[in-house]
Amino acid sequence: MTDEVFTDHIVSVLVHNNPGVLSKVTSLVTRRGFNIDGISAGPTRQNDMFRLTIVVKGDDKSLEQIQKQLYKIIDVVKVVPIIRSRMVGREICLIKVKAIGAERHEVLQIINVFKANIVDVGTNGFIVEITGDSDKIDSFLALLESHQITDVARTGIVAMNRWERTFKETGR
Amino acid sequence: MNGARIIVESLKKEGVDTVFCYTGGAVISIFDELYKHGEGLNLIQPRHEQGGTHAADGYARSTGKTGVVIVTSGPGATNTITGIATAYMDSSPLVVITGQVASTLIGTDAFQESDVTGITLPITKANFLVKNIKDLAVTIKKAFYIAGSGRPGPVVIDIPGDIQRQDFKFNYPDTVDLQSYRPKDSGHPKQIKSAIKLLAASKKPLIISGGGVNLSNATGEMNDFLNKTGIPVVHTLMGTGVNPEDENQFLGFIGMHGTLYGNYAIQNADLIMAVGVRFSDRIIGNPNTFAKNAKLIHIDIDPAEIDKNILTDLPIVGSAKSILREFNNLDLAIDISEWKNELSNYKNNYPLGYEKSELIKPQYIIELAQKYFPENSIIVTDVGQNQIWVAQNYRIKHPRSFLTSGGLGTMGYGLPAAIGAAVGNPDKQVLMFAGDGGFQMNMQELGIIRKYGLKVKMIVLDNNYLGMVRQWQELLFEKRYSGTDMEFNPDFVKLADVFRIKSIFLKDPKEADAVIKELAMSNESMLVHIAIDPDENVLPMVPAGKALDEVLTKL
């Protein structure tokens, strides 16, 4: 049980890639009173289709309303709510971190534990790439916090529902 | 064929007969083609693009056809915004074609450039920027299809000047298939059966007839359903025109300024079937107390309206016309005589009314208009007190015969919308009511009434105030009439005279009968400027956010 009215919801939206479709979707979500916490977009196997993954804050009732409103945009083909307990979600994050002298070793250890990759090495530090769910990335960032992070770029989440229901979805 | 000609030929293919258009630099090619090849198209040029858009809206609402607007880029396009937003809120079908600067200049802050698709994004059902001549005809086809089908609404097509001048083969598609837009017409049979069961079990059923009934031309089906079942009916502002045979069944208009008996019926019903209603705040008051004893069946073509403002017990998605037809094919026997007696007693005990006075009461003028104008007249209002007085007191018995800006509440709507209605209905009388404030917001359109030989009857109810806001100031702001005093109003009789329109001033109630009769009988356009009782208010009134039974009958 939770007293919080507002929780994060993730919706996956399949759209025709017509000009302005991204602004149509984001403007609608904002106009109906939702905050967008994250959005990512990319092409699909069909040439003219794009998939958007949007993280919004709202209660369950308003999530349903958002789905219906999204369907009113002519370019929106399909709206799929992503269910937390069935979700596979991934983000990529690039982190530019300062690491000089003895620090280098410490940073490398954290990177190894998280199976992150170093994609650029400089005399003053690294650029690290990490892929995973948002929690993993948050913890990784928290551990690197004691070192000097100079830049972070996150893609925002992309997500799908699993083939099978692996967790009980009832209750709560 | 150049792009401009393709536009003109596409309009003809769509069966368009009337275009509300205002020329300018970015549509000069289209106007040239209209000049050369516009046979069969009635071109109406307003004095301002806002007026033209409202006129197209009034034309669309009164005829059921899609209204067409052509304007130039930049200011021409931005002037249509209020008209587009008005149409969007009331689901009125419009296709607005805006010229745009040449595609090579887009994004350079060129002369008369504005981001029309960006600006109109939240107030259109769809909008398009045509960047390639090969997409032009199919885009126009899509625009008309989207505007007029499902839940209707305005669609904007922004067409750069160079596209209008490029050549391409004209090939107008017969149909369009949009993978992501397939409005549902018929309701789910199981849901309809469940609804019939709920109705049969109900002791106190009530129908709310909404704008969707007018939009889907379902008033006949609605009346049949009411006559067959005897269930009492109320309507929203946009649902005006419903007309059961038994007058006792008819409980008028509901909401903030609804009749006492209409709102009483809502609060005491045990089952409400709402048809084509979007449950706006002006209808429901406090959502937590609205129809608190009733189960709700909600019929709407737009799934997003289900559970939006009021939670539904039984939704049916589809067009009002097709679903009501299904209802009429099924058997439904109910005995609700007790409930009907309760309501008709209430109606008799708490009628609408007004005090007689030395000054002219607007309600009296409405009574006289009803007496002298033919029953099938199209009644158009502006926004404010004039609008609600008419909605409460004018008993309109035909669909698409009450034109008013309901959702957006656009002052200045009345005159141009009446002009649009007159263009589309030369065989009917068109009667406009406006206040002294709203009339002045688009009074320049008086200029086209004589130009196009239109017949528009106009009543300006002048209380020298922006009366509806003044009323709120009386109620909530201790009579501090800030910004609502209309001193230095023009002489409306002289104003009409300047535009060569017959006009008369009225302030003596004893002369009212003859003047309104003259207005109704007049063979030409005429304006009656009426000094009404400046203190008259719109009552009853449910203050914003209150329950429908927390009603004021005096301020």
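One can find the structure itself at the top, above this paragraph.
Residues numbered from 1 in each chain as written. Chains lettered and ligands numbered in written order. Predicted model: local features only at pLDDT ≥ 70, side-chain atom pairs only at ≥ 80, totals over all residues. Heavy atoms only, no water.

Attention shifts here to the sheet that holds strand β1 (residues 7-16) of chain A. All names here are of chain A. Spatial strand order, β2-β3-β1-β4: four strands in an open sheet with antiparallel pairing. Edge positions in the open sheet fall to β2 (35-43) and β4 (76-82), since each of these has one partner strand only. Taken pair by pair, the neighbouring strands of this sheet meet at an average axis angle of 20°, ignoring direction. Where β2 and strand β3 (residues 49-58) come together, eight bridges link them in antiparallel fashion. Looking at β3, one finds that Gly38 is bridged to Val55. Lying over the sheet, helix α1 (residues 21-31) contacts β1, β2, β3 and β4, oriented at roughly 160° with respect to β2. Strands in contact with helix α2 (residues 60-71) are β1, β3 and β4; relative to β4, the strand with the most contacts, it is inclined by about 165°. (Pairing = 2+ DSSP bridges. Helix = DSSP H or I, 4+ residues; strand = E, 2+ residues; numbered from the N terminus. Axes fitted to C-alpha atoms, helices over the stretch in contact; angles between N-to-C directions. Contact = heavy atoms within 4.5 Å.)

To continue, consider the pairing of strand β5 (residues 87-98) of chain A. The side chains of a regular strand alternate between both faces of the sheet. Residues and elements named next belong to chain A. Burial along β5 is one-sided: the face carrying Met87, Gly89, Glu91, Cys93, Ile95 and Val97 is buried and the face carrying Val88, Arg90, Ile92, Leu94, Lys96 and Lys98 is not. Pairing of β5 with strand β9 (residues 158-161), which is carried by four bridges, proceeds in the antiparallel orientation. Looking across to β9, one finds that Gly89 is bridged to Ala159. Both β5 and strand β7 (residues 125-132) contribute to a ladder of eight bridges, which runs antiparallel. Its bridge partner being in β7, Lys96 is matched across the sheet by Ile127. (Buried < 20%, exposed > 50% of the residue type's maximum accessible area, 1.4 Å probe, protein only.)

Quick look at the pattern of salt bridges now. Enumeration according to the criterion identifies 34 salt bridges over all chains in this entry. Note that Asp17 of chain B is salt-bridged to Lys65 of chain B, the shortest N-O span being 2.6 Å. Of the two residues, Asp17 of chain B sits in the loop between α1 (3-13) and β1 (18-21) while Lys65 of chain B sits in the loop between α3 (49-63) and β3 (67-71), which places them 48 residues apart along the sequence. Two residues, Lys308 of chain B and Glu305 of chain B, come together in a salt bridge whose shortest N-O distance is 3.2 Å. What makes Glu305 of chain B buried here is its relative accessible area of 4%. Via salt bridges that share partners, Lys72 of chain A together with Arg151, Asp302, Glu305 and Lys308 of chain B belong to a single interconnected network. (Salt bridge = Lys/Arg side-chain N within 4 Å of Asp/Glu carboxyl O.)

A separate point is the sheet that holds strand β2 (residues 42-44) of chain B. All names here are of chain B. Taken in spatial order, the six strands of this open sheet run β2-β1-β3-β4-β6-β5, and their pairing is parallel. Each having just a single partner strand, β2 and β5 (126-129) make up the two edges of the open sheet. Pairwise comparison of adjacent strand axes, ignoring direction, gives a mean angle of 20° for this sheet. By the bridge criterion, five bridges tie β3 to strand β4 (residues 94-100) in an arrangement that is parallel. Note on β4: the bridge partner recorded for Val69 is Val96. Seen against the sheet, helix α2 (residues 28-37) touches β1, β2, β3 and β4 and runs at an angle of roughly 125° to β3.

All names here are of chain B. Counting buried positions along α1 gives eight out of 11 residues, so the element sits mostly inside the fold. Listing the buried residues of α1 in full gives Gly3, Ala4, Ile6, Ile7, Val8, Glu9, Ser10 and Leu11. Looking one or two residues past α1, Gly15 carries a phi angle of roughly 75°, positive in sign.

This part covers the interface of chain B and chain A. At the interface, 18 residues of chain B touch 17 residues of chain A. Summed over both sides, the interface between chain B and chain A buries roughly 1,400 Å², with carbon and sulfur atoms accounting for 52% of that surface. On the chain B side of the contact with chain A, Leu121, Gln179 and Ser180 of chain B bury the most area, a combined 35% of that side's loss. Applying the counting rule to chain B against chain A returns one salt bridge. Residue Lys72 of chain A is joined to Asp302 of chain B by a salt bridge in which the shortest nitrogen-to-oxygen separation is 2.5 Å. Between chain B and chain A we count seven residue pairs in polar contact (both at pLDDT 80 or more) in total. When the residues that make up the side of chain B that touches chain A are grouped by side-chain class, the tally is 10 nonpolar, three polar and five charged. (Buried area = accessible area lost by both parts, 1.4 Å probe. Polar contact = N/O pair within 3.5 Å; in protein donor to acceptor, adjacent residues only side chain to side chain. Nonpolar A, V, L, I, M, F, W, Y, C, P; charged D, E, K, R; others polar.)

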